[in-house]
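Observations on the three-dimensional arrangement
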Amino acid sequence: MLSKTNHLLRKFSSTATAYYQNKLKLALIGQSLFGQEVYKHLQKEGHKVVGVFTVPDKNGKADPLASAAEKDGTPVFKFPRWRVKGKPIEEVIEAYKSVGAELNVLPYCTQFIPMDVIDSPKHGSIIYHPSILPRHRGASAINWTLIQGDKKAGFTIFWADDGLDTGPILLQRECDVAPNDTVDDLYNRFLFPEGIKAMVEAVQLIADGKAPHITQPEEGATYEGIQKKENAEISWDQSAAALHNWIRGHDKVPGAWAMIDDKMVTFYGSSLLHGSPPLGEELAIKGAAKPGLVTENGLVLFGNDGKMLLVRNLQFEDGRMIPASKYFSADKLSAIELTEEEKQMAENIKSIWKGILSNVAVIEDTTDFFKSGASSMDVVRMIEEIKQKCGELELQNEDVYMAPKFGEFIQMVVRKHRGEGKEEELVIDYVSKDVNRMTVKMPYQCFINGQFVNAEDGGTYDSINPTDGSVIAKVSLATAADVDKAVAAAKNAFEHGEWGKMNARDRGRILYRLADLMEEHQEELATIEAIDSGAVYTLALKTHIGMSVQTFRYFAGWCDKIQGSTIPINHARPNHNLTFTKKEPLGVCGIVIPWNYPLMMLAWKSAVCLAAGNTLVLKPAQVTPLTALKFAELSVKAGFPKGVINIVPGSGSTGQRLSDHPDIRKLGFTGSTPTGKQIMKSCAVSNLKKVSLELGGKSPLIIFNDCELDKAVRMGMGAVFFNKGENCIAAGRLFVEESVHDEFVRRVVEEAKKMKIGDPLDRSTDHGPQNHKGHLDKLLKYCETGVKEGATLVYGGRQVGRPGFFMEPTIFTDVEDHMFIAQEESFGPIMVISKFQDGDVDGVLERANRTEYGLASGVFTKDISKALYVSDRLEAGTVFINTYNKTDVAAPFGGFKQSGFGKDLGEEALHEYLRTKAVTVEY
């Protein structure tokens, strides 16, 4: 029966766009803003409203419908009632009949209208009802639509009869109900705007003689009365969805409630919650099998199916409403004594209230803003006036709803003015050093959930200055338990926190602020990088820090440009289909970075990870943790919410726990190939998490005899000795064409002798210490192996005779392909030179590619055709032609073969931290 009805309704309910010829004389009976808008639209369409019948003024303030009609000069009648003891009041009926209406229109009416009035006009009466009749007859239809979990909502315009919402149907509309829709959502999105249009359409259908009278079916008919407070208690033995529906269906009036600490507490602002339970403090609720959790986002409740919902606001019996997240601090919100300045502010606000509530003689502490007749527009007006009169005081509309009584409102305003309720100030226990003509302040603890904390077991280790071997700081040594805490915080921030809900452009603004702060602190960061990693200060300032700032700015700009696409597909005829893709963040990402560029490697991976909307847990290299921890401090100043960024300094076991953790969805790693293989295996076994790896390299640099030799020498020196050779794309092996080989070697040895080795903070230093003693020892062993295998050591190869971990720039020639130093990466200041025959392009290409690595490569020649031929055949993720080390934040970076997979930097890097969802719609 219902399907037949809907078919007929569709036939008659298309919105007309032509000019209507037939007009009616109308009586509007009802009230509210909805009634006002229906009145205005009917007038606009040329119908004559001959009388408006509405409720009396409340507290001296007219109903919106009355105000609009009075302004137009339309007769307005304000009857408190239409009948007494079941009988119509004759004077009222006579007044009604005097206007001579041809149709009664009841957009929203709370009064009982006698049948004498309903049947009086030529065309009878039509009524708007906010449900798809015959379902949810009665005065609380929208509420029951939500309480019963209906998937569809809508409204009906029907012909009035002597039953309760039982008259024949004229017109219906319906809409989908979203899982977290509230009464206000449905009303504002659909029932209000579409209802106004439909009322106008219904009147015109009647005027044109085309209005149907469709008998309501009894099948599927329901009637629900008005819910009262005593009937709105929550029954806890239900699913989370049922609890959510009960709470949102009772939102505002009368309010679903439960007993907490022997007090009636009403719940407002419910939404379904997915994922794992967030961190919070347990709260016992009478009748609930499982305690709720008071979290930073609200009160988490559990259904009998183990699923969750979140309630944002709670109201006590005295009318006081608080954010649910503040439940345990509610007792601290007792009245505070105002200073003279605050008293003056209160008087200013009282004058604003008086201006809005002109019907209220005296504004007292108990004056309720809304019960005194204020509307939502008055809320906006009050907030803006307070901003004007009270300077920097920032209020939100929600603040008024949370404290509608004047006394409570003033207390709330004063607390905000005093700065109460703000995020607690970050407490940092620094290690301070007077160095490089400044005092450098360095955090040294784990950074978890927005706080610097000791490792759970109190463990620490020494971070060493490679310049002299001294201890800079005792740094917290994170354990597996600390990693678990950090992951839980990151997951909570992603699933339940502000970050996961944040507008993409707002996310970008935070990244821009962080870049600005890094630039503001660039000298301090470069100094920390110099003393913790041995980087030459001038290089650290330009590259380590400078490129880090550029990286965050670049990806900040991407935040609001991440988008999917629409895809044409075959239609499922006779219907149509639309398919589109969405790019979504992955969730919690683990990041493990190396020690050669501590901050820059952090930036390369973290900036894109955050721009994509993920949260992260980052493990810096054990030997260089300090710039990462300083970065964490700056991230708080930039405004990152708690839990979005977490830093866990530690050993290899810390990184292993990140690889194994089941709640991490992506792991980005830069480091050695053997460690990368172990990480990939762990990520597969744990939860098949997404992985990107930037691993070892043995990058070939080919120098042809037709090159610009001065440039090749200069660039070749940088290709090997840049950043002390601790450079993932360093030219691990140089192939020099035979006719220029000897001259090239002579010149690079000459240049190497000019390099000044010394304190990295000395602005004239070219070459600082190696990163740590273990690495220095490995490099010395590497040189010994080269000599033993028969390579010629033409320069260097020794430790410098001074404190610290300094090594001479080193140059080997006569290196054969089978030698260890020809095949394995040194990751240090060691130039490995091999000769190739003049003109043997393909031969040198075969030798250059005879490696399991493929990170970078280079070629020097004036012949562009030869350069492009070689670049096409080099098996490496990056090829430099007549330059080297020229990386840019907009260009993708990553290797082939055992140098890893996945890209850092550029647009391609975003794909490493996003997933693609395809959505197909049928319509």
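Analysis parameters
- Residues numbered from 1 in each chain as written.
- Predicted model: local features only at pLDDT ≥ 70, side-chain atom pairs only at ≥ 80, totals over all residues.
- Heavy atoms only, no water.
- UniProt positions renumbered as here; feature names shortened; annotations may be inferred.
- Helix = DSSP H or I, 4+ residues; strand = E, 2+ residues; numbered from the N terminus.
- Rg over C-alpha atoms; globule rule 2.2 N^0.38 Å.
- Buried < 20%, exposed > 50% of the residue type's maximum accessible area, 1.4 Å probe, protein only.
- Areas by Shrake-Rupley, 256 points an atom, 1.4 Å probe, with all protein chains shown as cover.
- Phe/Tyr/Trp six-rings, centres within 6.5 Å; stacked < 30°, edge-to-face > 60°.
- Contact = heavy atoms within 4.5 Å.
- Pairing = 2+ DSSP bridges.
- Axes fitted to C-alpha atoms, helices over the stretch in contact; angles between N-to-C directions.
- Patch = residues over 30% accessible without salt bridge, like charges linked within 9 Å, V, L, I, M, F, W, Y side chains within 5 Å.
- Salt bridge = Lys/Arg side-chain N within 4 Å of Asp/Glu carboxyl O.
- Polar contact = N/O pair within 3.5 Å; in protein donor to acceptor, adjacent residues only side chain to side chain.
- Expected span 1.5 Å × (residues − 1).
- Bend = angle between axes of the 7 residues up to and from the residue.
- Parallel < 35°, antiparallel > 145°, perpendicular 65-115°, else oblique.
- Left-handed = near helix turned anticlockwise from the far one by under 90°.
- pLDDT = per-residue confidence, 0-100.
- Core = buried A, V, L, I, M, F, W, Y, C linked by side-chain atoms within 4.5 Å.
- Disulfide = S-S within 2.5 Å.

By the naming in an unreviewed UniProt entry, the chain is 10-formyltetrahydrofolate dehydrogenase, taken from Podarcis lilfordi. The UniProt entry for the chain carries this comment under Catalytic activity (unreviewed entry): "(6R)-10-formyltetrahydrofolate + NADP(+) + H2O = (6S)-5,6,7,8-tetrahydrofolate + CO2 + NADPH + H(+)".

**A look at the overall build of the chain**
In terms of helices and strands, the chain carries 28 helices and 40 strands. Relative to a compact globule of 923 residues, whose C-alpha radius of gyration would be 29 Å, the chain shows 37 Å and is clearly more extended. Counting only C-alpha atoms and orienting by the principal axes, one finds that the chain spans roughly 120 × 70 × 50 Å. Here the chain, with 923 residues, has 54% of them falling under the buried criterion. Surface exposure of the chain reaches about 40300 Å², of which carbon and sulfur atoms provide 51%.

**Topic: the packing of aromatic side chains**
Counted by the stated rule, this structure contains 28 aromatic pairs. Ring geometry for Trp353 versus Phe406: centroids 5.1 Å apart, planes at 80°, classification edge-to-face. Of this pair, Trp353 sits in helix α9 (residues 340–356) while Phe406 sits in helix α12 (residues 406–417), and the two are 53 residues apart along the sequence. Taken as a pair, Trp353 and Phe406 share a single burial class, namely buried. Geometrically, the ring pair formed by Phe369 and Phe370 is edge-to-face, given 5.5 Å between the ring centres and 85° between the ring planes.

**Regarding the UniProt feature "active site" (unreviewed entry) in the chain**
In the UniProt entry, the feature "active site" (unreviewed entry) is given for His129, Glu694 and Cys728. The named residues occupy 600 residues along the chain; their greatest pairwise C-alpha distance, 70.2 Å, places them well apart from one another. The exposure class assigned to Glu694 is buried, which follows from its relative accessible area of 3%. Residue contacts for Glu694: discarding those within four places in its chain leaves Met601, Phe669, Thr670, Gly671, Cys728, Leu855, Phe893, Ser899 and Asp904. Along the chain, the position of Cys728 falls in the loop between α22 (709–721) and β31 (731–737).

**Notes on the sheet that holds strand β6 (residues 103–106)**
Taken together, the 7 strands give an open sheet; going across it, the order is β3-β2-β1-β6-β7-β8-β9, and neighbouring strands pair in mixed fashion. Whereas interior strands pair on both sides, the edge strands pair on one side only; in this sheet they are β3 (76–78) and β9 (169–176). Going across the sheet, the axis of each strand differs from the next one's by a mean of 15°, ignoring polarity. The pairing of strand β2 (residues 48–54) with β3 spans 3 bridges and is parallel. Within β3, the position partnered with Phe53 by the bridge is Phe77.

**Quick word on the environment of Met717**
Take Met717: it is sitting in helix α22. Taking the C-alpha atoms as reference, Met717 lies 6.8 Å from Val748; in sequence the two are 31 residues apart. Other than its neighbours up to four places away in sequence, Met717 contacts Phe722, Val748, Glu751, Ala752, Met755 and Met831.

**Notes on the sheet that holds β31**
Reading across from one edge, β32-β33-β34-β31-β30-β36-β37 is the order of the 7 strands in this open sheet, with mixed pairing throughout. With partners counted over all chains shown, the strands left at the sheet margins are β32 (792–795) and β37 (878–881), one partner each. With direction set aside, neighbouring strand axes in the sheet form an average angle of 25°. Of the strand pairs in this sheet, β31 and strand β34 (residues 830–836) are connected by 4 bridges, and their pairing is parallel. Counterpart to Phe735 in the pairing with β34 is Ser834. Helix α27 (residues 864–873) contacts β30 (699–703), β36 (856–860) and β37 of the sheet and is inclined by roughly 165° relative to β37.

**Some points on a nonpolar patch on the surface**
Taken together, the side chains of Leu578, Val921 and Tyr923 define a hydrophobic patch exposed on the protein surface, amounting to about 280 Å² of accessible area. The class for Leu578 is partly exposed, based on a relative accessible area of 36%.

**Comments concerning the environment of Lys711**
When you line up the elements, Lys711 lands in helix α22. For Lys711 and Asn882, which are 171 residues apart along the polypeptide, the C-alpha to C-alpha distance reads 8.0 Å. Beyond its immediate chain neighbours, meaning those up to four positions away, Lys711 contacts Gly716, Phe860 and Asn882. Side-chain polar atoms of Lys711 contact the backbone oxygen of Asn882, separated by 2.9 Å.

**Things to note about helix α17 (residues 537–556)**
The terminal C-alpha atoms of α17, which comprises 20 residues, lie 27 Å apart, in line with the 28 Å expected from a rise of 1.5 Å per residue. Of all the bends in α17, the largest measures some 35° and sits at Gly546. α17 sits mainly inside the fold: 14 of its 20 residues count as buried.

**Details of the pairing of strand β25 (residues 588–592)**
With 5 of 5 residues buried, β25 lies mostly within the body of the structure. Going residue by residue along β25, you find Val588, Gly590 and Val592 tucked away on one face and Cys589 and Ile591 tucked away on the opposite face as well. Inspection of the sheet shows β25 paired to strand β26 (residues 615–619) by 5 bridges, in the parallel sense. Counterpart to Gly590 in the pairing with β26 is Val617.

**Quick notes on the side chain of Thr479**
Relative to the helices and strands, Thr479 resides in the loop between β22 (471–476) and α13 (480–495). Residues contacting Thr479, with those up to four places away along its chain left out, are Glu456 and Asp457.

**Observations concerning the pattern of salt bridges**
Scanning all chains against the criterion turns up 43 salt bridges. Note that Asp663 and Lys491 form a salt bridge whose closest N and O atoms lie 3.4 Å from each other. Here Asp663 is found in the loop between α20 (652–660) and β28 (666–670), whereas its partner Lys491 is found in helix α13, with 172 residues between them in sequence. By relative accessible area, which is 28% here, Asp663 ends up partly exposed. Lys491 sits in the buried class, given a relative accessible area of 16%. A network of salt bridges, in which partner residues are shared, links Asp710, Glu743, Arg746, Arg747 and Glu750.

**Some remarks on the packing of helix α26 (residues 841–848) against α27**
Running from N to C, α26 and α27 point in directions that differ by 30°, and their axes come no closer than 10 Å. Classified by the angle their axes make, α26 and α27 are roughly parallel. Judged by the twist between their axes, the crossing of α26 over α27 is right-handed. Residues Val841, Asp842 and Leu845 of α26 form the contact with α27, whose participating residues are Tyr869, Val870 and Arg873.

**A look at the confidence of the model for the chain**
Averaged over all residues, the pLDDT of the chain equals 92, while 96% of them reach at least 70. In the model, residues 1–20 has pLDDT below 50 throughout and makes 29 contacts with residues more than four positions away in sequence or in other chains.

**Section: the nonpolar core**
Grouped together as the largest cluster of nonpolar side chains are 107 residues, with contacts concentrated most on Phe552, Phe640, Leu734, Phe744 and Met831. For this core, the element with the highest residue contribution is helix α18 (residues 598–611), accounting for 11 residues. Residues in contact with Phe552, not counting those within four places in the same chain, are Leu511, Leu514, Ala515, Met518, Ala603, Ser606, Ala607, Leu610 and Phe631. Ile126, Leu171, Ile196 and Ala198 belong to the second-largest nonpolar core, a separate cluster that totals 41 residues.

**Quick word on the state of the cysteines**
Per the counting criterion, the structure on display carries 0 disulfides. This cysteine, Cys728, is not joined by any disulfide, and Cys609 carries the nearest cysteine sulfur, 19 Å off. Overall, Cys728 belongs to the buried group, its relative accessible area being 9%.

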